[in-house]
Every structure is written in structure tokens, then in C-alpha cells.
Amino acid sequence: MKIDAIVLREIQMPLAHPFETSFGLTTMRRIMLVELQAEGTTAWGECVAGEHPYFSDEMIDTAWIIAKTELAPRLVGVEIENGGKVPDLLKQVRGHRMAKASLENAVWELESVLRKVPLAQLLGGVREKIPCGVSIGIQPSPEKLIEKIETELAAGYQRIKLKCKPGWDVEIFEMVRKRWPEILLSCDANSAYRVKDSDHIASWDRFNLLMIEQPLWYDDFYFHSKLQARLKTRICLDESIRNRRDALAAIDMGSCGIINIKVGRVGGFSEAIAVHNVAAERGIPVWCGGMLETGIGRAQNIALSSLENFRLPGDVSASKRYWAEDIIEPAVEVSSTGEITVPTTPGRGFEVKTDLIQKLTVREERITK
């Protein structure tokens, strides 16, 4: 494959519903899209970096600069054997994993189109359908949260994940468990707690949670291992896992019993597959986390989630939960049993609405040799 040009676009899309975590409230997304032009066809990638460096040290504006000045020039005009070769081409640039993922994933997609195979198959996927859960942000009131959960359960989702933070945890868990004693329930703290809160977190065992996601520091294994030793509930690590080595260290230290794989957070499909594989070797289940993606990133998450060790419902949910109109067609839909069918057509399996993307674009840059 030889890439003729890479086009960076920033689009702006309002969320269908505000989404609040311990970091703050999001109502509008600024998103960097990557379009590869090669071999008479196009492929797309999406950068999941946020508007601010709160979830990670990346943000859309840093991703734009790095992609434009450092990453894209290393790919344009170069013969690339396959998507798995991209990390070596970009390795001189340290960090900036979300920016790298947007380009690498687009190359994988391009390869799947040119080879005329589904992206899921190219990645090594084996599942025809993937189980889906939802991530529910912090709500204006407990009553609103109950309404939200009722809506998502009625839609068929197999797992409910509640964002939590100090002051929005135990009373909420008690209320939800009283209403739904048997549902598959988990929580996500996004690093909102500290070691001094260990007794408080240990009390959550009584809520029969599937997992407690990233309760402590975003870059920690050690204190999570100490906390995990006190818990019956499995800790799931998210932000701490940047690559295969981190996954191996966390597993061997006993820091977690589950890993959330976000393809942007680990730097692209190649590293995501490597994390998946090492977790599978150690008997640790994984699931695919969401980053408020458009349909482009969502379609690529569906493909990744088809790998064998994605044994738990992920945050890959329907387009309508996030967008009044998505930038792909058809929109991603979830069945009444909480599943998404993995596309079997070449590429991502969804058409990109280029006219809508152009309408939403607020800046654009074309990189050529």
C-alpha cells in the first residue's frame, strides 16, 4: 500500500445527551478525523483525544499538531506492507498514542478494503455478534439515574456501568441494587479515589459488582494491587494500561482481574491485539471501552470486540445514544438482546457520510509528499 495523501479534519458534534464523569461534563465533542487516500480508495480513522487533557495527557489540539507535523509525514508516500507495520514507522515519536491510533487504524481499514475482507477478520476476530453494555454518566439526580437505567435495560443492554465519584457512590449503588438486585452492574471511578478511601471502597463488595474500574491513580499499579488484595470484587484497569508491558505488569502484580482495552489509549490496533493476547494467556477477560466515538471509531471498536477474549459486554453501544445523526450509515444499532452484529463486508462495514462530515468540518489540512 502506498498512501498518496492524508487529510486531517476537525468536526464538531453536539452529544444527544450530556455526559458527566468525575472529570466534568461534556456536551459537545471536537473530533479529529483522518482520511487516507491511497490506491484509488479511501479509509478513515478517528482520534479519541478529548477537548482537554483530563482523561489522558493528550487533547485534540496536541493530536492535530503531532499528526500534521510528525506522524502523517512518516506515512505519506511510503510503501506499507500492512497495518501491523505502522507502529515501527511511528516509533521515533514518543507517546501521543491516540494520535498514532487514528492513523494506524486507518491503515488497517485501508488494508481490509484492498484485500476485500472484513476489518474484524483482518484483526483476527471470531465473533459474529458482540455483547453490549452502556456507560451511564453522573446524573442531575438519583431519580434521573433510575429513569436512565430503565431506558437502557428496556433497550436490551446486558451490562450497566455507573460513573461514580466521592459523594455519588454508595447511596447510588444501594438505590440501584434495591431496584434491580440481579442486573450485571459495574462502576467506573476514573481515578477519583485515593488510598485513604480503601475502607470505603472495600464496602462496595456487598453490591455484587462485576468490577470496579480504575478507582485510584491513572498511572498506578502498586496501590491498585494493595486494594485488589482487600476486595472480592475485581478491579478493572483502564487508564493505567498503555501497552502490553503494562498489562503484563498489572496482571503479574495482582493489580486487576479485568482489563478495559481502548484502542486509542493503547496506540492502535496492533497494541490492542497484543494486550488482548497477553490477557488471554493469563486468563484475564477484557472488554472494549468507549470514548464518545462517532460511527467511524465505533465501527472499528466493533471489529476489535470480535476477538475471542472480549468476553465481557463492552461500551460499544448504539449511535443514537450519543448522536442525533451519526456520520456513518446505517447507524450502529443494538438488538433487543443487547448485541451488535459484526459486519461481514470488506472494510469497516458502514458507509461514511462525507457530505455530513464536510458540513461539520471546522478545519482541514491535507498532507502530501
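Fair warning: this is a prediction, and the values are worked out from it, not measured in the lab. (Residues numbered from 1 in each chain as written. Predicted model: local features only at pLDDT ≥ 70, side-chain atom pairs only at ≥ 80, totals over all residues. Heavy atoms only, no water.)

**Student:** Help me understand the environment of glycine 297, please; the structure alone is not making it clear to me.
**Tutor:** Structurally, glycine 297 is set in helix H12 (residues 295-305). Judged by its relative accessible area of 7%, glycine 297 is buried. The spatial distance from the C-alpha of glycine 297 to the C-alpha of arginine 348 is 9.6 Å, given a sequence separation of 51 residues. (Helix = DSSP H or I, 4+ residues; strand = E, 2+ residues; numbered from the N terminus. Buried < 20%, exposed > 50% of the residue type's maximum accessible area, 1.4 Å probe, protein only.)

**Student:** Even after reading the chapter, I still don't get unusual backbone geometry, so can you show me in this structure?
**Tutor:** Cis geometry is adopted by the peptide bond preceding proline 330, which originates at glutamate 329 and carries an omega value of -5°. Tracing the sequence through the fold places proline 330 in the loop between strand E12 (328-329) and strand E13 (339-341). The backbone phi angle of asparagine 190 is positive, close to 50°, even though this residue is not glycine. Checked against the element boundaries, asparagine 190 lands in the loop between strand E7 (185-188) and helix H7 (198-202). Asparagine 190 gets classed as buried once you look at its relative accessible area, which sits at 4%. Its identity is not glycine, yet serine 191 carries a phi of approximately 70°, on the positive side.

**Student:** How should the side chain of serine 306 be read in this particular structure?
**Tutor:** Position of serine 306 relative to the elements: it lies in the loop between H12 and E12. Sequence-distant contacts of serine 306, defined by excluding residues within four places in its chain, comprise Ala120, Gly125, Val126, Arg127, Ile130 and Val342. (Contact = heavy atoms within 4.5 Å.)

**Student:** I would appreciate a short explanation of the pattern of salt bridges in the present structure.
**Tutor:** Side-chain pairs of opposite charge can arise where the charged atoms are in close proximity. Tallying each qualifying case throughout the model produces 28 salt bridges. Across the pair glutamate 10 and arginine 30 runs a salt bridge, and its minimum N-O distance is 2.7 Å. You can see glutamate 10 sitting in strand E1 (residues 3-21) and its partner arginine 30 sitting in strand E2 (residues 24-38), a full 20 residues away along the chain. Residue arginine 29 is joined to glutamate 51 by a salt bridge in which the shortest nitrogen-to-oxygen separation is 2.6 Å. Highlighted residues: arginine 29 in strand E2 and glutamate 51 in the loop between strand E3 (41-47) and helix H1 (60-71), separated in sequence by 22 residues. This pair shows no difference in class: arginine 29 is buried, exactly as glutamate 51 is. One continuous salt-bridge network, built from bridges that share partners, spans Arg159, Lys161, Lys163, Asp188, Glu213 and Asp315. (Salt bridge = Lys/Arg side-chain N within 4 Å of Asp/Glu carboxyl O.)

**Student:** Teacher, can you tell me more about helix H9 (residues 244-253) here?
**Tutor:** Every α-helix winds through 3.6 residues per turn, so residues three or four apart in the chain are directed the same way. Residues of H9 that are buried include every one of Asp246, Ala247, Ala250 and Ile251, and no others. Buried residues in H9, looked at end-on, bunch into an arc of 125°, giving them a common side. Away from its buried face, by an angle of more than 90 degrees, H9 presents the exposed residues Arg245 and Asp252. Contact partners of the buried residues in H9: strand E9 (235-237), strand E10 (258-261) and helix H11 (269-281). A distance of 3.2 Å separates the backbone nitrogen of arginine 245 from a side-chain oxygen at the start of H9, and that oxygen is part of asparagine 243. Just beyond H9, the residue with positive phi is glycine 254, at close to 75°. (Arc of directions from axis to C-beta. Polar contact = N/O pair within 3.5 Å; in protein donor to acceptor, adjacent residues only side chain to side chain.)

**Student:** Looking at this structure, I do not really get a nonpolar patch on the surface. What am I missing?
**Tutor:** Taken together, the side chains of Val195, Tyr222, Phe223 and Met253 present a nonpolar region at the surface, about 350 Å² in accessible area. For tyrosine 222, a relative accessible area of 43% gives the class partly exposed. (Patch = residues over 30% accessible without salt bridge, like charges linked within 9 Å, V, L, I, M, F, W, Y side chains within 5 Å. Areas by Shrake-Rupley, 256 points an atom, 1.4 Å probe, with all protein chains shown as cover.)

**Student:** Would you take a moment to explain the packing of helix H5 (residues 142-154) against helix H6 (residues 170-179) for this structure?
**Tutor:** Helix packing for two helices is described by the angle between their axes and how far apart those axes are. Look at H5 against H6: their axes get within 11 Å of each other, and the N-to-C directions meet at 40°. Comparing the axis directions of H5 and H6 gives the class oblique. The hand of the H5/H6 crossing is right-handed. Contacts between H5 and H6 involve Pro142, Leu145, Ile146, Ile149 and Glu150 on the former and, on the latter, Ile172, Met175, Val176 and Arg179. (Axes fitted to C-alpha atoms, helices over the stretch in contact; angles between N-to-C directions. Parallel < 35°, antiparallel > 145°, perpendicular 65-115°, else oblique. Left-handed = near helix turned anticlockwise from the far one by under 90°.)

**Student:** Before we go on, may I ask you to explain the sheet that holds E3 in this structure?
**Tutor:** Sheet strands pair via backbone hydrogen bonds, and the direction of the pair is either parallel or antiparallel. In spatial order, the strands read E3-E2-E1-E15; together these four strands make up an open sheet with antiparallel pairing. Of all strands in the sheet, those with a lone pairing partner are E3 and strand E15 (361-368), marking the two edges. Averaged over all pairs of adjacent strands, the angle between their axes in this sheet comes to 25°, without regard to strand direction. The pairing of E1 with E15 spans seven bridges and is antiparallel. Opposite alanine 5, over in E15, you have threonine 368 as the bridge partner. Lying over the sheet, helix H3 (residues 97-115) contacts E1, E2 and E3, oriented at roughly 150° with respect to E3. (Pairing = 2+ DSSP bridges.)

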